[in-house]
Protein chains: 4
Amino acid sequence: MYFECQYRVPYADTDQMGVVYYANYLVYFERGRTEMFRSAGLPYSELEKQGLFLPVSEAYCKYQASAHYDDLLTFRSWIAELGRVRVRIATEVRRADEVLVSGHVVLGCVNSERRIVRFSPEIIAVCRKFVAEGGEA
Amino acid sequence: MYFECQYRVPYADTDQMGVVYYANYLVYFERGRTEMFRSAGLPYSELEKQGLFLPVSEAYCKYQASAHYDDLLTFRSWIAELGRVRVRIATEVRRADEVLVSGHVVLGCVNSERRIVRFSPEIIAVCRKFVAEGGEA
Amino acid sequence: MYFECQYRVPYADTDQMGVVYYANYLVYFERGRTEMFRSAGLPYSELEKQGLFLPVSEAYCKYQASAHYDDLLTFRSWIAELGRVRVRIATEVRRADEVLVSGHVVLGCVNSERRIVRFSPEIIAVCRKFVAEGGEA
Amino acid sequence: MYFECQYRVPYADTDQMGVVYYANYLVYFERGRTEMFRSAGLPYSELEKQGLFLPVSEAYCKYQASAHYDDLLTFRSWIAELGRVRVRIATEVRRADEVLVSGHVVLGCVNSERRIVRFSPEIIAVCRKFVAEGGEA
């Protein structure tokens, strides 16, 4: 299953080439995965209250076309790979049917002492809902 | 006495009007006051280790001219007003002799329980070094 | 009349004090005024296509309380002052009924040669819809 | 040959986990490659005046350890691969001898009509100076 949410590009996100600055797509990926978790009843803010954190260990973006000011973008996210201690979440940034940027992040799980721990059963259950295959992200 | 430091504008700071996006000047003001404190031997990171935090209670910017990509800017900072529980720090963002943006922030002081406390004698001593009068910031 | 829109705080907007970093409120003000113009049928992106730009000449923020990660914020915007060549737009950032940050920006109008021009009748008409009195912003 | 420059982490770059937010490393990579080009006598701003732009087509980051507020970081950059129409620039973000984050971007070259063009001889010459082998970036 895919998860999709929308986002309107503010002036703040653009650069002098007249397009969204490349680092902002990692912020977009964050929005995508956050809303995906919330939609499954597990807001990331809840996880932090339980003392679990999901730091990013890798991030990758492929830039195919540019997003512009005021575009209404769709962030499509899914779980591309799920292990015991790492998960790969893919996201595509689309404008209507066009994929502008695709990529993924790899997340691990640490406790409040910043020690690596296994994902909780709750996290695993949420991720399973969104396991999917997709583009080259 | 004024304090001055320099900063090179990256692409990340620009917007599609081809100039530095207006919110970034508040980040520039942060750099200005941080380096001013460091230059007086009191890095803000040290204050936090002592359990003192200086949250911003007000910020004001007047935009006179635009900074551009790759400009080498000078941030000139000084203490415009010093009280027991609040300090007003002015900053001018300049390109060579031209003032592009001027403004100020008002900072208070809180302890690690987020209670308002007086500035420590150390903070007062540092601020006194940089008390100055200046533009309309 | 007031205009209101909502925004979810991402991790990206927070700082190590665990609250929204102070410069981000100027980005929030941008979102507030942009959606206000759009709601009246005049997206800012349309203005730019007509060769009109509304650069910010002043910005002011008063920080009363902190926004946190994952807060669902409301941006309430209105026209606090309307002249021929400048408009003051006030915005309050709220969490439920609590005003966290209030402030305003002053905008002018320039054409594509960056010369100051009067607001177009269309801009004036939109602004008039949202003229209101409000807090101390 | 490697190129190195330094950068002090402002509060603005941190998030509520108390570390530099992950998207900011792409801004750091931008600083690294920009200063590398400038050091070789070819500021990127000059290229744009000549009508040449180097858009990013891919970006990758591997996060090994966290950078913190006020850290003095070193950005080490080099050319990891050089073709006629694409170049891969690697960057390591270090604190003293420790590599915190490593990664790369792939850049192409377009003219002012946004058509793909070959790198100019001047760009090739600069890149050749910094061709090096390095970590796993």
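Predicted model only: the values in this text are computed from it and were never measured. (Residues numbered from 1 in each chain as written. Chains lettered and ligands numbered in written order. Predicted model: local features only at pLDDT ≥ 70, side-chain atom pairs only at ≥ 80, totals over all residues. Heavy atoms only, no water.)

## Some thoughts on the relation of the copies chain B and chain C
Mapping chain B onto chain C is achieved by rotating through 180 degrees and translating by 0.0 Å along the same axis, at an RMSD of 0.0 Å. Classification of the inter-copy transformation places it as that of a two-fold axis. When each C-alpha of chain B is compared by its distance to the rotation axis, Y60(B) comes out closest, at 2.2 Å. In this assembly the copies share their binding face: 100% of the residues contributing to the interface of chain B also contribute to that of chain C. (Least-squares fit on C-alpha atoms with pLDDT ≥ 70 in both. Contact = heavy atoms within 4.5 Å.)

## A short note on the confidence of the model for chain A
Of the residues in chain A, 97% reach a pLDDT of 70 or more, and the chain-wide mean stands at 95. The ipTM, which scores confidence in the relative placement of chains, is 0.95 for this predicted complex, and the corresponding pTM is 0.96. (pLDDT = per-residue confidence, 0-100.)

## Details of the interface of chain B and chain C
Every contact between the two is made by 23 residues of chain B and, on the other side, 23 residues of chain C. Interface of chain B and chain C: buried area, both sides summed, is about 2,000 Å²; carbon and sulfur atoms make up 56% of it. Across the chain B-chain C interface, the total number found is zero salt bridges. At the boundary of chain B with chain C, the tally comes to 14 residue pairs in polar contact (both at pLDDT 80 or more). For the side of chain B that touches chain C, the secondary-structure elements that each account for two or more residues are α1 (24–39), α2 (44–49) and β2 (56–63) of chain B. Among the elements that take part in the side of chain B that touches chain C, β2(B) stands out by supplying eight residues, more than any other. (Buried area = accessible area lost by both parts, 1.4 Å probe. Salt bridge = Lys/Arg side-chain N within 4 Å of Asp/Glu carboxyl O. Polar contact = N/O pair within 3.5 Å; in protein donor to acceptor, adjacent residues only side chain to side chain. Helix = DSSP H or I, 4+ residues; strand = E, 2+ residues; numbered from the N terminus.)

## A look at the sheet that holds strand β3 (residues 72–82) of chain D
Spatially, ten strands are ordered β1(A)-β3(A)-β4(A)-β5(A)-β2(A)-β2(D)-β5(D)-β4(D)-β3(D)-β1(D) in an open sheet, and the strand pairing comes out antiparallel. Across the chains shown, the open sheet's two edge strands, defined by having one partner strand only, are β1 (3–8) of chain A together with β1 (3–8) of chain D. Pairwise comparison of adjacent strand axes, ignoring direction, gives a mean angle of 20 degrees for this sheet. Sheet analysis places strand β4 (residues 87–95) of chain D next to strand β5 (residues 98–107) of chain D, joined by nine bridges and oriented antiparallel. Within β5(D), the residue paired with R95(D) across the bridge is E98(D). (Pairing = 2+ DSSP bridges. Axes fitted to C-alpha atoms, helices over the stretch in contact; angles between N-to-C directions.)

## Quick notes on the interface of chain D and chain A
Across the contact, 23 residues belong to chain D and 23 residues belong to chain A. Across the chain D/chain A interface, buried area totals approximately 2,000 Å², and carbon plus sulfur atoms make up 56% of it. The largest per-residue losses of area from chain D upon contact with chain A belong to M17(D), Y22(D) and L26(D), which jointly make up 30% of the total buried on that side. Run the count over chain D and chain A and you get zero salt bridges. At the boundary of chain D with chain A, the tally comes to 14 residue pairs in polar contact (both at pLDDT 80 or more). Elements with a contribution of two residues or more to the side of chain D that touches chain A: α1 (24–39), α2 (44–49) and β2 (56–63) of chain D. Take the side of chain D that touches chain A: its biggest share by element is eight residues, from β2(D). For the side of chain D that touches chain A, a count of residues per class yields 15 nonpolar, two polar and six charged. With five bridges connecting them, strand β2 (residues 56–63) of chain A and β2(D) associate as antiparallel partners. By the bridge assignment, K62(A) is partnered in β2(D) with E58(D). (Nonpolar A, V, L, I, M, F, W, Y, C, P; charged D, E, K, R; others polar.)

## As for empty space enclosed by the protein
Picture a little ball the size of a water molecule; that probe, rolled over the atoms, points out where space is still empty. Taken as a whole and assessed by the stated rule, the structure comprises five cavities of 30 Å³ or more. Its boundaries defined by the atoms lining it, the largest cavity holds a volume of some 880 Å³. Lining the largest cavity we find 42 residues, and of these N24(A), N24(B), N24(C), A12(D) and N24(D) sit closest to its centre. The residue inventory of the lining of the largest cavity, partitioned by class, reads 28 nonpolar, six polar and eight charged. (1 Å grid on protein atoms, 1.4 Å probe; cavity = no way out; pocket = protein on both sides within 12 Å on 5 of 7 lines; lining within 4 Å. Points joined across faces, edges and corners; volume = space filled by probe spheres on them.)

## Digging into the environment of E46(D)
Residues and elements named next belong to chain D. When you line up the elements, E46 lands in helix α2. Classification of E46 by relative accessible area gives partly exposed; the value is 33%. A C-alpha to C-alpha distance of 16 Å links E46 and E30, two positions 16 residues apart in sequence. (Buried < 20%, exposed > 50% of the residue type's maximum accessible area, 1.4 Å probe, protein only.)

## Considerations on the pattern of salt bridges
Under the definition given, this model contains 36 salt bridges over all chains. Note that R38(A) is salt-bridged to D70(C), the shortest N-O span being 2.8 Å. Separated into two different chains, R38(A) in helix α1 (residues 24–39) and D70(C) in the loop between β2 (56–63) and β3 (72–82) make up a pair that spans both. As far as burial versus exposure is concerned, R38(A) and D70(C) are alike and both buried. The closest approach of N and O atoms between R88(A) and E81(A), which form a salt bridge, is 2.7 Å. By relative accessible area, E81(A) is classed as partly exposed at 41%.

## Considerations on the relation of the copies chain D and chain A
Expressed as a screw operation, the relation of chain D to chain A combines 0.0 Å of axial shift with a rotation of 180 degrees, fitting to an RMSD of 0.0 Å. Comparing interface residues between copies, 100% of those in chain D also lie at the interface in chain A; the contact surface is shared.

## A word on the pairing of β4(D)
Residues and elements named next belong to chain D. With eight of its nine residues buried, β4 lies for the most part within the structure. Where β3 meets β4, eight bridges bridge the pair, whose relative direction is antiparallel. Bridge pairing in β4 places F75 opposite V93. Hairpin connection from β3 to β4: four residues lie between these consecutive antiparallel strands. Between the end of β4 and the start of β5, which pair antiparallel, lie two residues, with A96 showing a positive phi angle near 50 degrees.

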